[in-house]
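# Coordinates in review
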Amino acid sequence: MIVPEISQRNLSKKTVIIFDLDGTLTESKSKLEKDMAESLGRLLNKKRAAIIGGGSYAQFEKQFLAHFLYPAGLLKNLFLFPTSGARFYRYDDEWREIYSHILSQEEKENIFDAFEKAFRILSYEHTGESYGELFEDRGTQISFSPLGQCVVAVLGAERGVALKQKWNAEHDTTRKNLARVLQEMLPDFEVRVGGLTTIDVTKKGIDKGYGIRQIEKNLQVPKSEMLFVGDALYEGGNDHPVLKEGVETIAVSGPEDTKKIIKILLL
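Residues numbered from 1 in each chain as written. Predicted model: local features only at pLDDT ≥ 70, side-chain atom pairs only at ≥ 80, totals over all residues. Heavy atoms only, no water.

## Details of the sheet that holds strand E8 (residues 189-194)
Note the following rule: Whether two strands pair comes down to DSSP finding at least two bridges between them. Only runs of H or I of at least four residues qualify as helices and only runs of E of at least two qualify as strands under DSSP, and these elements are numbered from the N terminus. A fitted line through C-alpha atoms represents every axis, and for helices the fit uses only the stretch in contact; the resulting angles, taken between N-to-C directions, go from 0 to 180 degrees. When checking whether two residues touch, look at their non-hydrogen atoms; a contact exists if any pair is within 4.5 Å.
The strand order across the open sheet built from four strands is E6-E7-E9-E8, with neighbouring strands paired in antiparallel fashion. Pairing within the sheet leaves two strands with one partner each, and these edge strands are strand E6 (135-137) and E8. Averaged over all pairs of adjacent strands, the angle between strand axes in this sheet comes to 20°, irrespective of strand direction. Two elements, E8 and strand E9 (residues 198-203), share six bridges in a ladder whose sense is antiparallel. In the sheet register, Glu 190 faces E9, and the bridge partner there is Thr 202. Sheet contacts for helix H5 (residues 105-121): E6, strand E7 (142-144), E8 and E9; angle to E7, the most-contacted strand, approximately 25°. Against the sheet, helix H7 (residues 157-185) makes contact with E8 and E9, and its axis sits at roughly 175° relative to E8, the strand it touches most.

## Regarding the pattern of salt bridges
Defined as follows: What counts as a salt bridge is simple: a side-chain nitrogen of Lys or Arg found within 4 Å of a carboxyl oxygen of Asp or Glu. A 1.4 Å probe rolled over the protein chains alone gives each residue an accessible area, and that area as a share of the maximum for its type sets the label: buried under 20%, exposed over 50%, partly exposed in between.
On inspection of all chains with the given rule, the structure shows 19 salt bridges. A salt bridge links Lys 259 to Asp 35, with the nearest nitrogen and oxygen atoms 2.6 Å apart. Taken together, the positions of Lys 259 in helix H9 (residues 255-265) and Asp 35 in helix H2 (residues 34-44) put the pair 224 residues apart, joining distant regions of the chain. Classification of Asp 35 as partly exposed rests on a relative accessible area of 36%. Notably, a salt bridge pairs Glu 97 with Arg 87, separated by 2.9 Å at the nearest N-O pair. Note that Glu 97 is positioned in strand E5 (residues 95-100) and Arg 87 in strand E4 (residues 87-91), a separation of 10 residues in sequence. Arg 87 gets classed as buried once you look at its relative accessible area, which sits at 13%. The network of salt bridges with shared partners includes Asp 20, Lys 208 and Asp 239.

## Considerations on H9
Here H9 lies mainly inside the structure; eight of its 11 residues are buried. Listed as buried for H9 are Pro 255, Asp 257, Thr 258, Lys 259, Ile 261, Ile 262, Ile 264 and Leu 265.

## Section: the pairing of strand E2 (residues 48-52)
A regular strand places its side chains so that they alternate between the two faces of the sheet. Formally: Orienting the strands away from the viewer, one traces the path from the first strand over the helix to the second; a clockwise path indicates a right-handed crossover.
Burial analysis of E2 places four of its five residues in the buried class, which makes it a mostly covered element. Across four bridges, the pairing between strand E1 (residues 16-19) and E2 is parallel. Counterpart to Phe 19 in the pairing with E2 is Ile 51. The parallel pair E1 and E2, bridged by H2, forms a crossover whose chirality is right-handed.

## Looking at helix H8 (residues 208-219)
The test is simple: One less than the number of residues in a helix, times 1.5 Å, gives the span that helix is expected to have. For the purposes of these results, a polar contact is taken to be a pair of N or O atoms within 3.5 Å, where, inside protein, one atom must be able to donate a hydrogen and its partner to accept one; residues adjacent in sequence count only when each atom of the pair is a side-chain atom.
If you check H8, its first and last C-alpha atoms are 16 Å apart, about what 12 residues at 1.5 Å a residue would give, namely 16 Å. Lys 208, Gly 209, Tyr 210, Gly 211, Ile 212, Gln 214, Ile 215 and Leu 219 are the residues of H8 that are buried. Each element contacted by the buried residues of H8 is listed here: E1, E2, strand E3 (78-81), E5 and strand E10 (226-230). Between the side-chain oxygen of the N-cap and the backbone nitrogen of Gly 209 there are 3.0 Å, and the N-cap of H8 in question is Asp 207. In the segment just after H8, Gln 220 is the residue with positive phi, at about 55°.

Dropping the structure here:
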C-alpha cells in the first residue's frame, strides 16, 4: 500500500531526506544490509541525507558506518544525529562531532531515581532472561531496554529481533505507561519510546524535532525541502516530535518500506 500512496506525492523538491535508524533503515540494532547501503549510496548522489536515531554514536558506527563504505565525496552529503538529536556529526576527512548535549551526573541520578519510582508505581518487575545491562548511559541520553542492551548481539539478528518483536506485542502498553509516568516525574527532560523495547531520556527540548531545527540551521535548508522517514511517528514515539516542526513525513513499518521510498526518490 505504501508505494501508491507515496507515488501520489510530489517529492522532487525535497533536497534533504532524513531517516530514523532502527526499524527504518535497519532492523532493531541490526547491521545495515547491503541492498539498503547501495540504495542510500545512489540517493546521496542526488540529495543530501541525515540519520536521527536513538542509539549512541558507537552504535551508529557498529550498525551503520561499518557497512556503509563510500568515498568522502558522498559521505559529505550525509549527516548523523545519534541519541535522538543530542549529538551531531558531519564528515570532513573523518567524522567530527559538531555538538553534544551531555547529561550531568546529577541529571543522570535524577533519571535513574525516577525509573525506580516508576517501576514501583506500576508494579513493574523484570521477568525472563536479559542480555547485557538493562540501562545504558549514552552520555547525552539514558536508555532502558527490558531485554538488555545486547540481545541482538548475543542471539543474532534473526532471533534477537524476533524476541524484541514478541516483547513489544505483549508489553508495549506497559512500556508506554512507564514512559508516561516517567515524563510526569521528569518535567525537565524528554521521555520517548524508541525501537521495539526502549525508553530514552534526554535533556528538555532535545529530541528529533531539535535535530530537524539543527539540520535547518547547519545545512541552511528550509523545512519545506526536508522529508522525514520513520517508524515511530505515533504519539509518544521518538519520531513524533518531527511532526511539530512542519516537515513532511512518511511512516514506515520497516526497512522494506524504506527501500521502496528511496526507489521513488531516485526516479
